[in-house]
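Chain by chain, the residues:
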Amino acid sequence: MEEFIKHEDEIQSIYDNIKLDFKPNTIIKVTLLRCRNISLSSFYDTFDTPDPKFKVSCSKSKYSGKLETRTIPDNCVKCDINESFQFVLRDDVTQDEPISIEIEIWDRDFIKDDLIAKNTVDVSKSSMPMNAACFRIIKFQSTSWFFFSRQHGELDVLITKSVKNAPDLRFSLGLDPREKEYRKKRIPRVYESMRTLLGATECPKSISETPIVSLACSGGGLRATTGMCGAMEALKDAGLLDVITYLCGLSGSAWYLQTAYTRGGVATEEQEKFHEYLKDAVAHNFFWDIVTPSVIHEFTNLIQESKDKYNQPTTFADYAPGFILGRTLLGQENMSKKPSDLEDYVADGHVPMPIFTALHAKGVVPISSYHAHVEITPFEFAIPEYGIGIDAKFAGSSWTNGYLARHRPEGSIHFYIGMVGCAYSVLLATFLRQGTERNSKYLKYIEQERLDGKKLRHEERLIEVESDESDTDLEDEDIIDPGFYKDALNPTMTSNLDCEMSPPNFFLKEILNTSFFTDRNAYIGRAARMYNVVQSFDSLKRFRLNPLDSEPTVAEAREVIEKLGMQNMKMNPSKKKDILSSIDAAIQKNVPTDTTLRPQRTTDLLIVFDFNGYDSDENFNYSPLLSGALHGWRSGLKFPQVDFEKITNSTPEEFLVFPGDDDGSPTILWFTLCNKKFKDLNDYVPRSKEPAPENSEGKKFNDFPVHSEGSNYSTFNLNYNRYNFDQLRELMYYNVSSHANEIRTELVNAVKRKQRRVDDWRCAKS
């Protein structure tokens with residue numbers, strides 16, 4: 001154990017010790033303690049007692065805006081507030097300059113808030129020296145004739161001034177300290193599981209020699225959520241679930257993981273019960289929930305009691321898929337749970353660590369010109385290419401230059417369901433407006449738009465922005481204009497779609513053609529939004545996901561990157577905007593291999609579950625695989641060699657192997673939803689006990705299309721019946737379990753590679 005900890009600490013210190021420049025800052029902290037006698041006037045108070053809130057600003061702050069308190073309970077004129085705000089002084093402010101804190105008191109109304117009064121506090125050097133604290137009782141007076149009164153109440157305030165040398169957020173290219181502690185608990189457990197699985201002759205001889213096994217699971221809506229059940233069951237039955245350290249998902253597979261961890265369904269003994277629950281949940285028709293008045297009312301009340309109360313941004317992604325899926329998958333009893341609530345379930349290392357992935361994107365800037373990876377874990381919200389890590393409890397708060405400007409509540413897990421799956425909400429409007437996905441042209445178009453690793457066609461139609469090393473401060477508008485897909489489809493195709501509308505689709509089509517949904521600023525086209533964690537952050541510098549690798553070393557990667565027009569990410573996140581937009585990572589690359597291949601995580605064996613939608617069951621273009629290789633090489637990651645021409649021209653397979661090497665490239669095992677061998681099993685006895693639907697009479701349980709015409713598993717199928725659920729689950733179970741021996745063989749090979757690297761390390765230390 002001692003050797004393992006020493007080896008682990010040495011690896012992590014390589015990235016911890018990469019110096020990121022950060023200058024000391026002068027911080028003024030303002031704490032509003034309590035208010036008393038808040039009044040409009042004795043005359044107006046007889047009609048309506050004020051519902052006060054306070055706005056605070058600093059005259060010389062890097063952030064020029066005003067920070068607000070939460071709304072104080074209705075008609076509460078005397079109460080404790082206990083909210084703090086931090087202001088970072090501009091670098092050009094001299095010690096002799098006047099500096100003031102302005103505090104405004106507002107009356108919150110349904111239509112328009114009213115300013116009641118304001119006052120200022122002098123915090124210049126002459127009035128308040130450095131490292132000092134002062135308590136003030138601020139009296140609010142007004143000269144306005146409107147209120148018929150000059151006295152509007154009192155506010156107790158505590159103000160401090162100090163110099164801070166380090167930011168409040170984690171600013172490092174290393175892993176979060178809690179993730180590093182998790183590894184020290186999880187890897188010894190994995191070591192014991194490998195000893196049981198592989199036996200004395202093939203298992204690691206010490207904890208230090210234990211390879212890191214990670215899962216990277218693709219998007220694909222409920223197809224991915226359902227497929228994950230079969231894949232995870234196969235890993236459990238083969239004894240492989242307990243040797244995994246990281247479980248990473250995006251979009252549909254992230255929905256599975258978010259639900260599994262929230263409901264405690266990850267460990268081997270919990271899995272069966274959880275999957276039966278999930279089968280019932282997926283059978284629920286989410287389609288009607290979207291336009292059901294009672295559901296909309298329920299969502300509105302939830303937002304008013306959470307985000308609205310703290311002035312946090314809300315978009316359509318919060319509603320669909322966030323709230324809509326959350327209330328059914330998570331369950332009503334778990335709707336208030338936050339990612340940080342999962343820490344206790346994960347921290348002792350008895351289950352793999354979950355990572356949910358998304359992308360930060362900029363308004364109308366093409367994703368090929370700018371995007372940044374986002375990782376959500378029980379520990380933090382991170383943008384690793386900039387070394388930014390926010391404690392999960394403070395994700396959603398306001399920040400200035402790396403300091404916590406104003407604490408706001410952490411987003412619920414259903415908010416992150418919306419974030420990681422917001423491509424679903426962006427395309428949902430188009431799907432409902434244009435027709436069913438049964439139209440093969442539409443299916444082909446959407447899948448190519450969403451999943452093709454090449455430069456997406458919609459990027460060419462977005463407003464072009466010059467890409468240079470300077471920051472861009474474009475407004476965070478729609479990531480994808482919801483009207484784009486409608487314009488892109490040809491008239492013949494559009495008219496053909498109209499005749500294929502199912503009754504609920506036809507009804508919703510009329511609703512979605514209204515300006516509320518089609519206007520560019522409509523909620524329907526929005527990404528998930530939160531307060532900008534890099535607001536006024538002066539020290540931003542972009543690194544590759546492998547920060548030690550400055551340029552691509554693979555000639556093929558360089559050639560293909562140039563051919564496809566993939567640009568270097570030269571822009572930074574906007575430092576002047578209040579809001580940061582995050583989108584479904586599937587829009588750019590639908591398999592999260594980059595997250596698991598970050599060198600800090602030292603993955604030795606990567607298992608990929610690919611639930612992507614392909615043109616047909618007879619034609620896989622493997623674009624997610626090729627895209628994963630390209631983006632990995634561009635980011636300096638150790639993605640093994642891939643023969644592009646061979647893969648592109650190959651027939652669909654349920655299992656592919658890409659061998660690793662001693663230079664650090666892990667072996668990648670790639671599983672797909674290919675129904676070829678499974679379908680041909682003549683004597684297959686289903687594990688499912690579900691009765692077959694009437695229209696399936698005479699068909700084998702295992703004979704069904706996944707991607708071709710007649711499939712029940714399109715990306716926009718909003719519910720699966722229990723029989724269809726089990727069909728897809730058992731297909732993925734078969735595809736994984738029938739290759740369990742190959743997984744075991746590659747696990748042994750990973751052990752041998754890890755042993756050679758550890759032996760080299762031992763020799764270097766001796």
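Quantities reported herein were computed from a predicted structural model and do not represent experimental measurements.

**Student:** Lay out the nonpolar core with the relevant residues and their values.
**Tutor:** If you look at the biggest cluster of nonpolar residues, it comprises 140 residues, and the most contacted ones within it are Phe-381, Ile-388 and Phe-609. In this structure, Ile-388 is in contact with Leu-169, Arg-170, Phe-171, Phe-381, Ala-382, Ile-383, Val-533, Val-534, Phe-537 and Leu-540, ignoring residues within four places of it in sequence. Counting 35 residues, the second largest nonpolar core, distinct from the first, contains Phe-85, Phe-87, Ile-99 and Ala-405.

**Student:** Lay out the pattern of salt bridges with the relevant residues and their values.
**Tutor:** Under the definition given, this model contains 56 salt bridges. Salt-bridge contacts for Arg-406 lead to Glu-83; the nearest nitrogen and oxygen are separated by 2.7 Å. Of this pair, Arg-406 sits in strand β17 (residues 403–406) while Glu-83 sits in strand β4 (residues 79–88), placing them 323 residues apart in sequence. A single burial state applies to Arg-406 and to Glu-83, both of which are buried. Between Arg-722 and Asp-280 there is a salt bridge, with its nearest N and O atoms 1.9 Å apart. Pair noted here: Arg-722 is in helix α23 (residues 722–737) and Asp-280 is in helix α6 (residues 271–282), with a separation of 442 residues, a long-range link. Classification of Arg-722 by relative accessible area gives partly exposed; the value is 26%. Accessibility expressed as a relative area gives 45% for Asp-280, which makes it partly exposed. One network of salt bridges, in which partners are shared, links Glu-233, Glu-276, Lys-279, Asp-280, Arg-687, Glu-690, Arg-722, Asp-726 and Arg-729.

**Student:** Explain a nonpolar patch on the surface residue by residue, including any values.
**Tutor:** Nonpolar side chains collect at one region of the surface, where Phe-135, Ile-137 and Leu-158 lie side by side and expose about 270 Å² of accessible area between them. Relative to the assigned elements, Ile-137 resides in strand β7 (residues 133–141). Judged by relative accessible area, which is 47%, Ile-137 ranks as partly exposed.

**Student:** Residues and numbers for the packing of aromatic side chains, please.
**Tutor:** Evaluation of the coordinates by the stated rule reveals 26 aromatic pairs. Within the aromatic cluster, the residues linked to one another by ring pairs are Phe-678, Tyr-684, Phe-701, Tyr-723 and Tyr-734. Positioned over the ring face of Trp-106 is Lys-55, at 4.0 Å from the centre of the ring. Taking the ring centre of Tyr-531 as reference, the NZ or CZ of Arg-408 above it sits at 4.1 Å.

**Student:** Could you give me a rundown of the sheet that holds strand β5 (residues 100–107), with the residues and numbers involved?
**Tutor:** Paired through their backbone hydrogen bonds, the strands of a sheet run either parallel or antiparallel. One open sheet holds the 4 strands; their spatial order is β3-β2-β5-β6, and the pairing between them is antiparallel. Strands at the two margins of the open sheet, each flanked by one partner only, are β3 (67–68) and β6 (114–122). By the bridge criterion, 8 bridges tie β5 to β6 in an arrangement that is antiparallel. Counterpart to Glu-102 in the pairing with β6 is Thr-120.

**Student:** Lay out the pairing of strand β19 (residues 579–583) in plain terms, naming residues and giving numbers.
**Tutor:** Within β19, 5 of the 5 residues are buried, which leaves the element mostly enclosed by the surrounding structure. Burial along β19 is two-sided: Ile-579, Ser-581 and Ile-583 and Leu-580 and Ser-582, pointing in opposite directions, are all buried. Sheet analysis places strand β12 (residues 353–360) next to β19, joined by 2 bridges and oriented antiparallel. The partner of His-360 across the bridge, within β19, is Ser-582. As judged from the 4 bridges shared by strand β18 (residues 528–531) and β19, these two strands associate in the antiparallel manner. Its bridge partner being in β19, Ala-528 is matched across the sheet by Ser-582.

**Student:** So what's going on with helix α3 (residues 177–198)? Which residues, and what values?
**Tutor:** Between the first and last C-alpha of α3 there are 31 Å, a value that for 22 residues agrees with the 32 Å anticipated at 1.5 Å per step. Among the residues of α3, Glu-179, Lys-180, Tyr-182, Arg-183, Lys-184, Arg-186, Ile-187, Pro-188, Val-190, Tyr-191, Met-194 and Leu-198 are the ones counted as buried. On the buried face of α3, the contacting elements are α1 (2–16), β10 (212–217), β11 (244–249), α10 (343–346), β12 and α24 (740–765). For α3, the N-terminal capping position is held by Asp-176, with its side-chain oxygen 2.7 Å away from the main-chain nitrogen of Arg-178. Of the residues trailing α3, Gly-199 is marked for its positive phi of about 85°.

**Student:** Describe the side chain of Thr-602, with residues and values.
**Tutor:** Of note, Thr-602 is situated in the loop between α20 (593–597) and β20 (603–610). The residues contacting Thr-602, other than those within four sequence positions of it, are Ile-11, Arg-183 and Ile-212.

**Student:** Explain the confidence of the model for the protein residue by residue, including any values.
**Tutor:** Looking at the protein, the pLDDT average stands at 83 and 82% of residues meet or exceed 70. Of the regions scoring below 50 in pLDDT, residues 429–525 engages in 213 contacts with residues more than four places distant in sequence or in other chains. Note that pLDDT drops below 50 for residues 563–567; the model gives that stretch 12 contacts with residues more than four away or on any other chain.

**Student:** Give me α1: which residues, what numbers.
**Tutor:** Over its 15 residues, α1 extends 20 Å from the first C-alpha to the last, a length consistent with the 21 Å expected when each residue adds 1.5 Å. Of the residues making up α1, those classed as buried are Phe-4, His-7, Glu-8, Gln-12 and Tyr-15. Seen end-on, α1 carries its buried residues on one side only, within an arc spanning 120°. If you follow the buried residues of α1, they end up packed against α3 and α24.

**Student:** So what's going on with the packing of helix α9 (residues 316–329) against helix α11 (residues 413–420)? Which residues, and what values?
**Tutor:** Helix-helix packing is described using two parameters, namely the angle between the two axes and the distance between the axes. Closest axis-to-axis distance for the α9/α11 pair is 7 Å, and the angle between their directions is 125°. Relative to α11, α9 is oriented oblique. Read as a crossing pair, α9 and α11 show a hand that is right-handed. When α9 is examined against α11, the residues Ala-317, Asp-318, Pro-321, Gly-322, Phe-323, Leu-325 and Gly-326 are found in contact with a partner set consisting of His-414, Phe-415, Ile-417 and Gly-418. Along the lines of polarity and charge, the residues of the contact of α9 with α11 split into 6 nonpolar, 4 polar and 1 charged.

**Student:** Before we move on, could you go through the environment of Val-736 and cite the residues and values that matter?
**Tutor:** In this fold, Val-736 is placed in helix α23. A residue is classified by how much of its surface remains accessible, and Val-736, at 2% relative accessible area, is buried. A C-alpha to C-alpha distance of 9.2 Å links Val-736 and Phe-609, two positions 127 residues apart in sequence. Excluding residues that lie within four positions of it along the chain, Val-736 makes contacts with Ala-231, Ala-234, Leu-235, Phe-609, Phe-671 and Ile-743.

**Student:** Now, about unusual backbone geometry: what can you tell me, with residues and values included?
**Tutor:** Omega for the peptide link from Ala-320 to Pro-321 comes to 15°, which places this bond in the cis form. Examined against the element boundaries, Pro-321 turns out to sit in helix α9. Of note, Tyr-622 is a non-glycine position whose phi angle comes to about 55°, a positive value. Taking the relative accessible area as the measure of exposure, Tyr-622 reaches 0% and is therefore buried.

**Student:** Before we move on, can you summarise the packing of α1 against α24 with the specific residues and values?
**Tutor:** Between α1 and α24, the least distance of the axes is 12 Å, while the angle of their chain directions is 90°. When the interaxial angle is binned, α1 and α24 end up roughly perpendicular. Contacts between α1 and α24 involve Glu-3, Lys-6, His-7 and Glu-10 from the first element and Lys-754, Val-758, Trp-761, Arg-762 and Lys-765 from the second. Considered class by class, the residues forming the contact of α1 with α24 number 2 nonpolar, 1 polar and 6 charged.

How each quantity is defined
- Residues numbered from 1 in each chain as written.
- Predicted model: local features only at pLDDT ≥ 70, side-chain atom pairs only at ≥ 80, totals over all residues.
- Heavy atoms only, no water.
- Core = buried A, V, L, I, M, F, W, Y, C linked by side-chain atoms within 4.5 Å.
- Buried < 20%, exposed > 50% of the residue type's maximum accessible area, 1.4 Å probe, protein only.
- Contact = heavy atoms within 4.5 Å.
- Salt bridge = Lys/Arg side-chain N within 4 Å of Asp/Glu carboxyl O.
- Helix = DSSP H or I, 4+ residues; strand = E, 2+ residues; numbered from the N terminus.
- Patch = residues over 30% accessible without salt bridge, like charges linked within 9 Å, V, L, I, M, F, W, Y side chains within 5 Å.
- Areas by Shrake-Rupley, 256 points an atom, 1.4 Å probe, with all protein chains shown as cover.
- Phe/Tyr/Trp six-rings, centres within 6.5 Å; stacked < 30°, edge-to-face > 60°.
- Lys NZ or Arg CZ within 6 Å of the ring centre and 35° of its normal.
- Pairing = 2+ DSSP bridges.
- Expected span 1.5 Å × (residues − 1).
- Polar contact = N/O pair within 3.5 Å; in protein donor to acceptor, adjacent residues only side chain to side chain.
- pLDDT = per-residue confidence, 0-100.
- Arc of directions from axis to C-beta.
- Axes fitted to C-alpha atoms, helices over the stretch in contact; angles between N-to-C directions.
- Parallel < 35°, antiparallel > 145°, perpendicular 65-115°, else oblique.
- Left-handed = near helix turned anticlockwise from the far one by under 90°.
- Nonpolar A, V, L, I, M, F, W, Y, C, P; charged D, E, K, R; others polar.

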